[in-house]
Each structure stands twice: as C-alpha cells, then as structure tokens.
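As a plain string of letters, each chain reads:
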Amino acid sequence: MFKILVPIDGSESALRALQAAIAMAGQHGDAELHLLNAPLPVLSGHAKMFLDKNVVQDYYKEEGEKALAVARKVAENSGVKFVTAIQAGHSAQTIVDYARAQQCGQIVMGTRGLSALPGILLGSVANKVIHLADVPVTLVK
C-alpha cells in the first residue's frame, strides 16, 4: 500500500495539498492518506509542573480535531482510504518522524501554513521538512 502523508494545520494551503494528494492517490491502485496535525507544544519546562498531562493531551486532541475537521470531510468525500493523527511536537521533525514510523512513501504539504510570518516566501516548516525527509516531498502553493 502506498501511503501519502499530508500535514494539516487548518490552512487553505493544507487543503490544497490534500486535494493534490487525493489526485496522487488516484494514480496508485492501493493508496492511503495520512492526515497529520502536528501542533507546537504549548508548555515549557516550568509550566509542566502545574498542568496535568491529561489536560494538556485533551487540549491537543480538541485543537487537532478542529484543524482536521474540514480535511476529514474532504477526504471522506474523495473515497480514498485515510487515517488521521494528532502528534504535538516541533512541526517539521514531527512530520518527518511520523512519515518514517508509518512508512509513508510521499509527503504532500502546503508551502504556507498558519504562520504569523507573512513575509516568508517558503514556510519554515516546509523548508525544514524538505531537508529532513527521506522520502519525496511535494509542495503545493
């Protein structure tokens, strides 16, 4: 089975990447999409002492489900097999680690996510993924 990883952050760019991945999946007989939300950790060292781990995990799950909601509907409507995952961590490394662990053969992602830095031509997460990934990375504008 050919697995295609699509990082989803809730942005229009990520949804365009999902559409491209759906088209790619159609070119493979047996393909599966992996929709991954990789939020940045919200806690620093000292904050971890005051917040229960389960509360933090519930927060990641709730926010991740919100980011994945539209993408999940698009994937369902496409008829392509898919799975979703939410893994907090430094986005680029989390994406690459997930692709390795799940043996994804391709990463398809948007060039710009929900960053607060509008002046950057190529998003820093996309740029880092290109350099860290062992599999082909397709960027969708």
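Residues numbered from 1 in each chain as written. Predicted model: local features only at pLDDT ≥ 70, side-chain atom pairs only at ≥ 80, totals over all residues. Heavy atoms only, no water.

Engineer: I'd like to hear about the packing of helix α3 (residues 91–101) against helix α4 (residues 124–132), residue by residue, with values.
Structural biologist: Two numbers describe how α3 lies on α4: the axes approach to 8 Å, and their chain directions differ by 40 degrees. The angle between α3 and α4 falls in the class oblique. Crossing of α3 over α4 shows right-handed handedness. Where α3 approaches α4, its residues S91, A92, Q93, I95, V96 and R100 are matched on the opposing element by V125, K128, V129 and L132. Among the residues forming the contact of α3 with α4, the class breakdown is six nonpolar, two polar and two charged. (Axes fitted to C-alpha atoms, helices over the stretch in contact; angles between N-to-C directions. Helix = DSSP H or I, 4+ residues; strand = E, 2+ residues; numbered from the N terminus. Parallel < 35°, antiparallel > 145°, perpendicular 65-115°, else oblique. Left-handed = near helix turned anticlockwise from the far one by under 90°. Contact = heavy atoms within 4.5 Å. Nonpolar A, V, L, I, M, F, W, Y, C, P; charged D, E, K, R; others polar.)

Engineer: Can you tell me about the sheet that holds strand β3 (residues 81–86), naming the residues and giving the values?
Structural biologist: What the five strands build is an open sheet, ordered β3-β2-β1-β4-β5; its pairing is parallel. Strand pairing shows two members of the sheet lacking a second neighbour, β3 and β5 (137–140), which therefore form its edges. Each adjacent strand pair in this sheet contributes to an overall mean axis angle of 20 degrees, direction not counted. Most of the contacts of helix α2 (residues 53–78) go to β3, to which it runs at about 165 degrees, and overall it touches β2 (31–37) and β3. Contacts from α4 reach β4 (106–110) and β5 within the one sheet, and its direction differs from that of β4 by about 165 degrees. (Pairing = 2+ DSSP bridges.)

Engineer: Describe the pattern of salt bridges, with residues and values.
Structural biologist: In total, this model carries six salt bridges according to the counting rule given. Between D30 and K81 there is a salt bridge whose closest N-O contact spans 2.8 Å. Taken together, the positions of D30 in the loop between α1 (12–26) and β2 and K81 in strand β3 put the pair 51 residues apart, joining distant regions of the chain. Residue classification places D30 among the partly exposed residues on the basis of a relative accessible area of 39%. (Salt bridge = Lys/Arg side-chain N within 4 Å of Asp/Glu carboxyl O. Buried < 20%, exposed > 50% of the residue type's maximum accessible area, 1.4 Å probe, protein only.)

Engineer: Tell me about the nonpolar core, residues and numbers included.
Structural biologist: Side chains of nonpolar character tend, in soluble globular proteins, to be buried together. Formed by 18 residues in total, the largest nonpolar core has its most connected members in I4, V6, I8, L18, L33 and L35. For this core, the secondary structure elements donating two or more residues are β1 (2–7), α1, β2 and α2. For this core, the element with the highest residue contribution is α1, accounting for six residues. One finds A92, A99, C104 and I107 within the second-largest nonpolar core, a separate group that totals 15 residues. (Core = buried A, V, L, I, M, F, W, Y, C linked by side-chain atoms within 4.5 Å.)

Engineer: Give a detailed account of empty space enclosed by the protein, specifying residues and quantitative values.
Structural biologist: For the structure shown, the criterion picks out one cavity of 30 Å³ or more. Each pocket or cavity is described by its volume, and for the largest cavity that value is around 40 Å³. Lining of the largest cavity is provided by V96, A99, R100, I107, A133, D134 and V135. For the lining of the largest cavity, the leading source of residues is α3, giving three residues. By residue class, the composition of the lining of the largest cavity is five nonpolar, no polar and two charged. (1 Å grid on protein atoms, 1.4 Å probe; cavity = no way out; pocket = protein on both sides within 12 Å on 5 of 7 lines; lining within 4 Å. Points joined across faces, edges and corners; volume = space filled by probe spheres on them.)

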